[in-house]
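# Overview (structure and organization)
This is what each chain is made of:
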Amino acid sequence: FPFHRQPIRPIPMKSIVIDVHAHFTPKLLIEKFDGAAAKFPDVKLLKSDKGVAIQFPGIAPTRPIMPKLSDLAERQSWMDKNGIDHQVIGGWLDSFGYELPADQGAAWSRYLNDCMWEEAISMLKLLQDGADKSDEKGVRLIIKLLIWLV
């Protein structure tokens, strides 16, 4: 009994470029800080003419937060100019607060995650090509898969 296989034809697929190492600091971290600061009293935001730095207990303040880490419109424009379709984003390491006591560290981490979530949901580059933007469940799944939460 002869067995003949059909040749396997490649499935045409669109090539995409994914930047798998991008840092992000949400603007909401600064904007909502005063309303949340009681949960992590050892975290200080230091505002100066150079920008906003974060200070954790027992260490010097961070470098000022670089504006490009928070500017989603500029990020998307840069991605378009460089042919990047998507980014996998993570927090800015200086903002993690490892020096905090456990209870404040947990509250700070939740705060960072919530701020990242709120802003990342608006990053259309994370959502296009893979989900119906009106499908909240699909959007949440994609965001959870593509964002490295603190």
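Residues numbered from 1 in each chain as written. Predicted model: local features only at pLDDT ≥ 70, side-chain atom pairs only at ≥ 80, totals over all residues. Heavy atoms only, no water.

### As for the side chain of Asp19
Relative to the assigned elements, Asp19 resides in strand β1 (residues 18–24). Here Asp19 sits buried without a salt bridge, and the closest side chain of opposite charge, Arg75, lies 6.5 Å off (N-O distance). Residues within four places of Asp19 in sequence aside, it is in contact with Trp78, Ile84, His86, Gln87 and Val88. (Helix = DSSP H or I, 4+ residues; strand = E, 2+ residues; numbered from the N terminus. Buried < 20%, exposed > 50% of the residue type's maximum accessible area, 1.4 Å probe, protein only. Lys, Arg positive; Asp, Glu negative; His and termini not counted. Salt bridge = Lys/Arg side-chain N within 4 Å of Asp/Glu carboxyl O. Contact = heavy atoms within 4.5 Å.)

### Observations regarding the pattern of salt bridges
Two side chains of opposite charge can pair, provided their charged atoms sit close to one another. According to the stated counting rule, one finds three salt bridges in the structure shown. Between Lys32 and Glu118 there is a salt bridge whose closest N-O contact spans 2.7 Å. With Lys32 in the loop between α1 (28–31) and α2 (33–36) and Glu118 in helix α4 (residues 102–120), this residue pair connects regions lying 86 residues apart in the sequence. Taking relative accessible area as the criterion, Lys32 reaches 36% and is therefore assigned partly exposed. Residue Glu118 is classed as partly exposed on the basis of its relative accessible area of 38%. With a shortest N-O distance of 3.7 Å, Glu74 and Lys68 are connected by a salt bridge.

### Regarding the confidence of the model for the chain
With 77% of its residues at a pLDDT of 70 or more, the chain has an overall mean of 81. A low-confidence stretch, residues 125–139 (pLDDT under 50), is modelled with 30 contacts involving residues beyond four sequence positions or located in other chains. (pLDDT = per-residue confidence, 0-100.)

### Some points on a nonpolar patch on the surface
Taken together, the side chains of Ile16, Ile18 and Val20 present a nonpolar region at the surface, about 270 Å² in accessible area. Position of Ile18 relative to the elements: it lies in strand β1. The exposure class of Ile18 is partly exposed, given its relative accessible area of 44%. (Patch = residues over 30% accessible without salt bridge, like charges linked within 9 Å, V, L, I, M, F, W, Y side chains within 5 Å. Areas by Shrake-Rupley, 256 points an atom, 1.4 Å probe, with all protein chains shown as cover.)

### Structural notes on the nonpolar core
Judged by nonpolar contacts, the single largest core of 19 residues is most densely connected at Leu29, Phe33, Phe40, Val43, Ile54, Trp108 and Tyr111. Contributions of two or more residues to this core are made by α1, α2, β3 (51–55) and α4. In terms of residue count, α4 provides more of this core than any other element does, five residues in total. Of all hydrophobic cores here, the second largest spans six residues; its members include Phe24, Leu72, Met116 and Ala120. (Core = buried A, V, L, I, M, F, W, Y, C linked by side-chain atoms within 4.5 Å.)

### Remarks on helix α3 (residues 72–81)
Taken together, the buried positions of α3 are occupied by Leu72, Arg75, Gln76 and Met79. Across the axial projection of α3, the buried residues extend over an arc of 95°, all falling on one side. Turned more than 90 degrees away from the buried face of α3 sit Ala73 and Lys81, all of them exposed. For α3, the capping residue at the N-terminal end is Asp71, with a side-chain oxygen 2.9 Å from the backbone nitrogen of Glu74. Of the residues flanking the end of α3, it is Gly83, one or two places downstream, whose phi is positive at about 70°. (Arc of directions from axis to C-beta. Polar contact = N/O pair within 3.5 Å; in protein donor to acceptor, adjacent residues only side chain to side chain.)

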